[in-house]
Amino acid sequence: MDLERDLDNSRNNQMYYNQIQKYGRARHDVHKNMKGTSTSFGSQKVEFSNYLLVIEGYEGFFYAGYVALIPYIVGSLFLYFFVANGSFGNYKLLETEAFFIVWLIGYEIVAAFMLIFIFVSFLMYDKGPKKKYR
């Protein structure tokens, strides 16, 4: 009796496995035929020149300047508004000539905003036309 029950179970398992394989192939074909675009958010090509002002031919200088200056400026603004409470007298008391420390504070803030921007872009990413399955 156990042998008979086991045979039925293995037949059912094979049927379910075939249905899963068929569904997976149909889903893969839909994604492959979408307007020739990439199918995932992570496989997109990123162009930084779409987001930053860059002169063609001088990209390296501009990107190095952005990496050095943007976090430092954000860190200085954070120290001025949130640590010194917007008081220039209190801000002068802080040791802001320690470039690396101020840069690290700004880097953390910029990195957090960039991660939020990437997450929102991921949520708004459209994979193309949806096909209904029956």
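Parameters at a glance
Residues numbered from 1 in each chain as written. Predicted model: local features only at pLDDT ≥ 70, side-chain atom pairs only at ≥ 80, totals over all residues. Heavy atoms only, no water. Helix = DSSP H or I, 4+ residues; strand = E, 2+ residues; numbered from the N terminus. Buried < 20%, exposed > 50% of the residue type's maximum accessible area, 1.4 Å probe, protein only. Contact = heavy atoms within 4.5 Å. Axes fitted to C-alpha atoms, helices over the stretch in contact; angles between N-to-C directions. Parallel < 35°, antiparallel > 145°, perpendicular 65-115°, else oblique. Nonpolar A, V, L, I, M, F, W, Y, C, P; charged D, E, K, R; others polar. 1 Å grid on protein atoms, 1.4 Å probe; cavity = no way out; pocket = protein on both sides within 12 Å on 5 of 7 lines; lining within 4 Å. Points joined across faces, edges and corners; volume = space filled by probe spheres on them. Expected span 1.5 Å × (residues − 1). Bend = angle between axes of the 7 residues up to and from the residue. Phe/Tyr/Trp six-rings, centres within 6.5 Å; stacked < 30°, edge-to-face > 60°. pLDDT = per-residue confidence, 0-100.

A. Highlighting the overall build of the protein. Along the backbone of the protein there are four helices and zero strands. Listed N to C, the secondary structure of the protein is α-α-α-α in terms of helices and strands. A burial count over the protein gives 11% of its 134 residues as buried. The contacts of the protein with a sequence gap of at least 6 include a subset with a gap of at least 24, amounting to 62%.

B. Spotlight on the packing of helix 2 (residues 59-83) against helix 4 (residues 99-124). Between helix 2 and helix 4, whose axes approach to 7 Å, the crossing angle comes to 90°. Taken together, the axis directions place helix 2 and helix 4 in an arrangement best described as roughly perpendicular. For the pair formed by helix 2 and helix 4, the contact residues are Val 67, Ala 68, Ile 70, Pro 71, Tyr 72, Val 74, Gly 75, Ser 76, Phe 78 and Leu 79 on the first element and Phe 99, Val 102, Trp 103, Ile 105, Gly 106, Tyr 107, Ile 109 and Val 110 on the second. A breakdown of the residues in the contact of helix 2 with helix 4 according to their chemical character gives 15 nonpolar, three polar and no charged.

C. Main features of the layout of surface pockets. Of the volumes computed, that of the largest pocket is approximately 890 Å³. Lining the largest pocket are 25 residues, with Val 46, Phe 48, Tyr 51, Met 114 and Ile 118 sitting closest to its centre. The element that contributes the greatest number of residues to the lining of the largest pocket is helix 4, accounting for nine residues. Tallied by class, residues from the lining of the largest pocket come to 19 nonpolar, four polar and two charged.

D. Molecular detail of helix 4. Taking 1.5 Å of rise per residue, 26 residues should cover 38 Å, and helix 4 covers 37 Å from first to last C-alpha, within 8% of that figure. The complete set of buried residues in helix 4 reads Val 102, Trp 103, Gly 106 and Val 110. On its buried face, helix 4 is in contact with helix 2.

E. Structural context of helix 2. The end-to-end C-alpha distance of helix 2, which contains 25 residues, comes to 34 Å, matching closely the 36 Å that a straight helix rising 1.5 Å per residue would cover. The largest bend in helix 2 amounts to roughly 25° and is located at Tyr 66. Burial in helix 2 covers these residues: Pro 71, Gly 75, Ser 76 and Leu 79. Just beyond helix 2, the residue with positive phi is Asn 85, at close to 55°.

F. Here's a closer look at the packing of aromatic side chains. A complete count under the given rule lists nine aromatic pairs for this structure. Ring geometry for Tyr 72 and Phe 99: centres 4.8 Å apart, planes at 25°, overall stacked. Here the residue Tyr 72 occupies a position in helix 2, and Phe 99 occupies one in helix 4, the gap between them amounting to 27 residues. We classify Tyr 72 as partly exposed; its relative accessible area is 23%. Plain terms: the ring middles of Phe 100 and Trp 103 are 6.2 Å apart, the flat faces sit at 15° to each other, and that makes the pair stacked. Of the two residues, Phe 100 and Trp 103 are both situated in helix 4; the distance of three residues between them amounts to about one turn of the helix. We classify Phe 100 as exposed; its relative accessible area is 52%. Among the aromatic residues, those joined into a ring-pair cluster are Tyr 80, Phe 81, Phe 88 and Tyr 91.

G. Region of the structure containing the confidence of the model for the protein. Per-residue confidence for the protein averages 79 on the pLDDT scale, and 75% of its residues sit at or above 70. Here helix 1 (residues 2-32) stands out as the least confident element of the protein, with mean pLDDT 65; helix 4 is the most confident, with 93.

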